[in-house]
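The chain contents come next:
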Amino acid sequence: MLKTRTITAIALLTVFLLATFSAPIQLFGALIAGVLVLAAWEWARLLGLQRNTQFVYAALVGAVLVWNMSASKAGSSISPEVAIGLYKVAAIFWLGVVPFVFIRRPLLTAGIWRWFLLAVGIILFLAAWQALLVARTHGAFFVLSLLSIVWLADSGAYFAGRQFGSRKLAPSISPGKTWEGVLGGCLLVLLVVSGVLATQAFAPNFFLAYAAHLGTVGTLTAITGLVLVSVMGDLFESLLKRQAGVKDSSNLLPGHGGILDRIDALLPTVPLAMLLF
């Protein structure tokens, strides 16, 4: 299992880095769109749609993304005003609706909640795609530094949780997550961000762009908030899987589960980060 997981991770990272550093933005956008279409299929699957309807939903998300890609030579067809509107809708969902769900625990896989999540899911996927496209226009290191917030937070949480974890974060949703893990993830991200700000390394990047507008303290505060939002995305997908009665969103990625299992923390983080930017 470890060998399979490692091979899959290396293959995915290689493709992503090549697309980020070498591919034109249209191809980068097409790659991200393909990933999000697969994630949309898993979203519909977790929400309990019938098999044929799952593919229809994924095709609908794909059509929305393709329509937006095809209208612009730059690969980003939405006007800044509309993009900000998408980010705001995503922010309302992740910062308003999701905390309500955590508190009240409604059944998400049936009734009005299912249809609500299917509808809002289209916006969430489009907002994430748009945010990554805009980030890519600022350079490869910009988009990589943005994504590294989630990657570093996950790594820090894993190691801190294994070594020091004792206080469960949300035992009824994701028993493996601990408060110590969240703290470890935050500390690792803040350490790396502080190092980048001090050395001005890998410019231009997301952290330096934030610092130019918010200052050092404001940047570290905003990054901490984004780490916490990434945890919310992770927990929300865990709740969806628990209610759907599955361990992984799918088995598309050998050794890793599904696409949503890998991008659940990115879905809220990327649009909110670009909204602040």
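See the structure printed just above.
The shown structure was predicted, so the numbers you read here are calculated from the model rather than taken from an experiment. (Residues numbered from 1 in each chain as written. Predicted model: local features only at pLDDT ≥ 70, side-chain atom pairs only at ≥ 80, totals over all residues. Heavy atoms only, no water.)

**A closer look at a nonpolar patch on the surface**
A cluster of nonpolar residues, L13, L17, F21, F141 and F202, forms a patch on the protein surface that exposes about 470 Å² of accessible area. Sorting elements by how many residues they give to the nonpolar patch places helix α1 (residues 2–21) first, with 3 residues. Here L13 shows up in helix α1. (Patch = residues over 30% accessible without salt bridge, like charges linked within 9 Å, V, L, I, M, F, W, Y side chains within 5 Å. Areas by Shrake-Rupley, 256 points an atom, 1.4 Å probe, with all protein chains shown as cover. Salt bridge = Lys/Arg side-chain N within 4 Å of Asp/Glu carboxyl O. Helix = DSSP H or I, 4+ residues; strand = E, 2+ residues; numbered from the N terminus.)

**Notes on helix α8 (residues 206–244)**
The end-to-end C-alpha distance of α8 is 36 Å, clearly below the 57 Å that 39 residues give at a rise of 1.5 Å each. For α8, the principal kink sits at G215 and spans about 115 degrees. Regarding α8, its N-cap is N205, as a side-chain oxygen of that residue lies 3.0 Å from the backbone nitrogen of F207 further along. (Expected span 1.5 Å × (residues − 1). Bend = angle between axes of the 7 residues up to and from the residue. Polar contact = N/O pair within 3.5 Å; in protein donor to acceptor, adjacent residues only side chain to side chain.)

**Here we look at the packing of aromatic side chains**
Overall, the coordinates contain 18 aromatic pairs when judged by the stated rule. Their ring planes at 85 degrees and their centres at 5.6 Å tell us that F142 and F206 sit as a pair that is edge-to-face. Separated by 64 residues along the polypeptide, F142 in helix α6 (residues 140–164) and F206 in helix α8 bring together distant segments of the chain. Residues F142 and F206 agree in their burial class; the two are buried. Seen from their ring centres, F206 and F207 are 6.1 Å apart, and the 75 degrees between their planes marks the pair as edge-to-face. Take F206 and F207: they sit in the same class, and that class is buried. Between the NZ or CZ atom of R136 and the centre of the ring of F28, over which it lies, the distance is 6.0 Å. (Phe/Tyr/Trp six-rings, centres within 6.5 Å; stacked < 30°, edge-to-face > 60°. Buried < 20%, exposed > 50% of the residue type's maximum accessible area, 1.4 Å probe, protein only. Lys NZ or Arg CZ within 6 Å of the ring centre and 35° of its normal.)

**Section: the nonpolar core**
Core analysis: the largest hydrophobic core is formed by 91 residues, its most contacted members being W43, Y57, F206 and F236. Among the elements that line this core, the one with the most residues is α8, at 16 residues. The contact partners of F236, leaving out residues within four places of it in the chain, are W43, F93, W94, V98, V101, F102, L108 and L117. (Core = buried A, V, L, I, M, F, W, Y, C linked by side-chain atoms within 4.5 Å. Contact = heavy atoms within 4.5 Å.)

**Some points on the packing of α6 against helix α10 (residues 266–276)**
Running from N to C, α6 and α10 point in directions that differ by 130 degrees, and their axes come no closer than 10 Å. As far as their axial angle goes, α10 and α6 are oblique. Remark: the crossing between α6 and α10 carries right-handed chirality. From α6, F142, L146, L147 and V150 reach across to α10, where they touch L266, T269, V270, A273 and M274. Taken together, the residues that form the contact of α6 with α10 break down as 8 nonpolar, 1 polar and no charged. (Axes fitted to C-alpha atoms, helices over the stretch in contact; angles between N-to-C directions. Parallel < 35°, antiparallel > 145°, perpendicular 65-115°, else oblique. Left-handed = near helix turned anticlockwise from the far one by under 90°. Nonpolar A, V, L, I, M, F, W, Y, C, P; charged D, E, K, R; others polar.)

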